[in-house]
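# Observations on the three-dimensional arrangement
These are the residues of each chain, in order.
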Amino acid sequence: MRGSLRWVGTRVFAPGVFVAAIGVAMVLSLQGAAPAWLGVLLAAALAACFAAERMWPYEPVWNRDRGDGDRDLLHALVNEGATVASIALLPVLASFAGTGLWPEHWPLLAQWALAVVVADMGITLAHAASHRYAALWRLHAVHHSVTRMYGMNGWMKHPLHQGLETLAGTAPLIVLGLPQTVAWLLGFSVALQLLLQHANLEMRLGALGRWWAVAPGHRLHHVASTDGDVNFGLFTLVWDRMLGTYRAPEEAAPRDGALGVADRSDYPVAYLAQLVEPFRLARRWRPAPQTR
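Treat the numbers as computed from the prediction; the structure is a model and nothing was measured.

### Some thoughts on the overall build of the protein chain
Counting secondary structure elements, the protein chain contains 11 helices and 0 strands. Listing every helix and strand of the protein chain by position from the N terminus yields α-α-α-α-α-α-α-α-α-α-α. In summary, the protein chain has a C-alpha radius of gyration of 19 Å against a globular reference of 19 Å for 292 residues, a match within 12%. Residues classed as buried in the protein chain amount to 51% of the 292 residues present. Separation between the mean location of the 23 positive side-chain charges and that of the 20 negative ones in the protein chain comes to 4 Å.

### Concerning the pattern of salt bridges
Going through the model one piece at a time under the given rule, you end up with 12 salt bridges. Note that Arg-66 is salt-bridged to Asp-256, the shortest N-O span being 2.7 Å. You can see Arg-66 sitting in the loop between helix H2 (36–55) and helix H3 (69–88) and its partner Asp-256 sitting in the loop between helix H10 (238–243) and helix H11 (271–276), a full 190 residues away along the chain. A salt bridge links Arg-264 to Asp-266, with the nearest nitrogen and oxygen atoms 2.7 Å apart. Residue Arg-264 is classed as buried on the basis of its relative accessible area of 7%. Residues participating in the shared-partner salt-bridge network are Arg-264, Asp-266, Glu-277 and Arg-280.

### Some details on the side chain of Asp-240
Mapping Asp-240 onto the fold places it in helix H10. Nearest to the buried, unbridged Asp-240 among oppositely charged side chains is Arg-241, at 8.3 Å. Setting aside residues up to four positions removed in sequence, Asp-240 forms contacts with Thr-124, Val-230, Asn-231, Phe-232, Gly-233, Thr-245 and Tyr-246.

### Focus: the environment of Leu-201
When you line up the elements, Leu-201 lands in the loop between helix H8 (180–198) and helix H9 (215–221). Overall, Leu-201 belongs to the buried group, its relative accessible area being 2%. Taking the C-alpha atoms as reference points, Leu-201 and Val-182, separated by 19 residues in sequence, lie 29 Å from one another. In this structure, Leu-201 is in contact with Phe-13, Cys-49, Ala-52, Glu-53, Trp-56, Tyr-58 and Arg-219, ignoring residues within four places of it in sequence.

### A closer look at the environment of Ile-123
Here Ile-123 shows up in helix H5 (residues 108–130). For Ile-123, a relative accessible area of 12% gives the class buried. Separated by 41 residues in the primary sequence, Ile-123 and Leu-164 have C-alpha atoms spaced 8.8 Å apart. Those residues in contact with Ile-123 that sit more than four places away from it in its chain are Glu-165, Gly-169 and Leu-234.

### Looking at the packing of aromatic side chains
Enumeration according to the criterion identifies 3 aromatic pairs in this entry. On the numbers, 5.7 Å between centres and 40° between planes, the contact of Tyr-58 with Trp-62 is tilted. Owing to a relative accessible area of 0%, Trp-62 belongs among the buried residues under this scheme. Over the ring of Tyr-246 we find Arg-241, and its NZ or CZ is 4.0 Å from the ring centre.

### Observations concerning unusual backbone geometry
A negative phi holds for most residues other than glycine; trans holds for most peptide bonds. Although it is not a glycine, Asn-231 sits at a positive phi angle of roughly 50°. By the secondary structure assignment, Asn-231 is in the loop between H9 and H10. Despite not being glycine, Asp-263 has its phi angle at roughly 65°, a positive value. Mapped onto the fold, Asp-263 is located in the loop between H10 and H11.

### Here we look at a nonpolar patch on the surface
Nonpolar side chains collect at one region of the surface, where Leu-89, Val-92, Leu-93 and Phe-96 lie side by side and expose about 430 Å² of accessible area between them. Following the sequence through the fold, Val-92 ends up in helix H4 (residues 90–97).

### Some remarks on the packing of H5 against H8
What describes two packed helices is the angle between their axes and the distance between those same axes. Running from N to C, H5 and H8 point in directions that differ by 55°, and their axes come no closer than 10 Å. Classed by the angle they form, the pair H5 and H8 counts as oblique. Handedness of the crossing formed by H5 with H8: right-handed. Residues Leu-108, Gln-111, Trp-112, Ala-115, Val-116 and Ala-119 of H5 form the contact with H8, whose own contacting residues are Thr-181, Val-182, Leu-185, Leu-186 and Ser-189. Tallied by class, residues from the contact of H5 with H8 come to 8 nonpolar, 3 polar and no charged.

Rules behind the numbers
- Residues numbered from 1 in each chain as written.
- Predicted model: local features only at pLDDT ≥ 70, side-chain atom pairs only at ≥ 80, totals over all residues.
- Heavy atoms only, no water.
- Helix = DSSP H or I, 4+ residues; strand = E, 2+ residues; numbered from the N terminus.
- Rg over C-alpha atoms; globule rule 2.2 N^0.38 Å.
- Buried < 20%, exposed > 50% of the residue type's maximum accessible area, 1.4 Å probe, protein only.
- Lys, Arg positive; Asp, Glu negative; His and termini not counted.
- Charge placed at Lys NZ, Arg CZ, Asp CG, Glu CD.
- Salt bridge = Lys/Arg side-chain N within 4 Å of Asp/Glu carboxyl O.
- Contact = heavy atoms within 4.5 Å.
- Phe/Tyr/Trp six-rings, centres within 6.5 Å; stacked < 30°, edge-to-face > 60°.
- Lys NZ or Arg CZ within 6 Å of the ring centre and 35° of its normal.
- Patch = residues over 30% accessible without salt bridge, like charges linked within 9 Å, V, L, I, M, F, W, Y side chains within 5 Å.
- Areas by Shrake-Rupley, 256 points an atom, 1.4 Å probe, with all protein chains shown as cover.
- Axes fitted to C-alpha atoms, helices over the stretch in contact; angles between N-to-C directions.
- Parallel < 35°, antiparallel > 145°, perpendicular 65-115°, else oblique.
- Left-handed = near helix turned anticlockwise from the far one by under 90°.
- Nonpolar A, V, L, I, M, F, W, Y, C, P; charged D, E, K, R; others polar.

So yeah, pure geometry; function would need other evidence.
Below you can see the structure in the form of structure tokens.
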């Protein structure tokens with residue numbers, strides 16, 4: 001019985017949670033529910049993910065706190081709070097920059113899909129640039145300093161870097177006139193995707209895992225060497241295939257001890273220290289991974 005449950009869970013949990021959560025979010029949006037309900041839905045997805053991480057862990061030791069749990073929670077609260085604030089300000093931004101070209105006559109599902117495709121492209125390109133240019137890499141290294149991967153650390157980012165990625169992914173949408181309802185759905189989808197992308201879950205997704213940017217492919221991105229300059233995609237691995245940075249999830253899956261910032265075993269763990277670290281003296285930093 002346990003083996004059968006594991007067989008199903010490792011194949012169905014991730015796509016099932018994604019489809020179910022997006023479906024419920026879509027229904028709530030169509031019914032005009034307050035955006036706060038999306039927060040409740042995200043919390044439910046996070047709780048389900050935590051339970052699944054203990055039932056079907058990819059690396060059991062990654063379920064143990066390493067003195068990073070409170071820090072990751074603080075990163076999540078700050079960064080998701082910033083996301084909520086930016087979406088709340090969207091009508092103001094759209095009034096200055098919006099062109100009114102957004103296809104509001106499309107079904108909500110189609111509008112959401114368009115927003116995801118555009119955001120995925122912009123964020124993937126910004127992410128790839130952050131591994132190429134030293135100034136961006138210093139900010140992005142905060143995210144790569146994790147030594148274990150589990151659901152919470154998908155939101156562990158320097159707020160300045162998150163702002164740059166968000167701008168890259170949403171600026172074209174704002175110019176088109178992205179409606180706030182679709183923006184709430186997009187923000188929820190990004191948070192959900194980051195959860196599944198970093199989850200400590202064994203996922204056996206077959207062909208889906210070679211196109212969907214979830215944990216199996218993304219773990220390769222967190223390897224502490226230039227081997228990690230792959231699989232930059234947020235939602236999909238489509239853009240990585242076009243950029244030549246795609247690596248199949250089955251290749252040399254990393255285990256405990258393989259993650260982190262190369263040549264920076266001293267990278268700070270505390271939240272405030274991580275905010276300051278990108279601005280420390282340049283001599284403490286080597287060039288960005290792809291320029292070594």
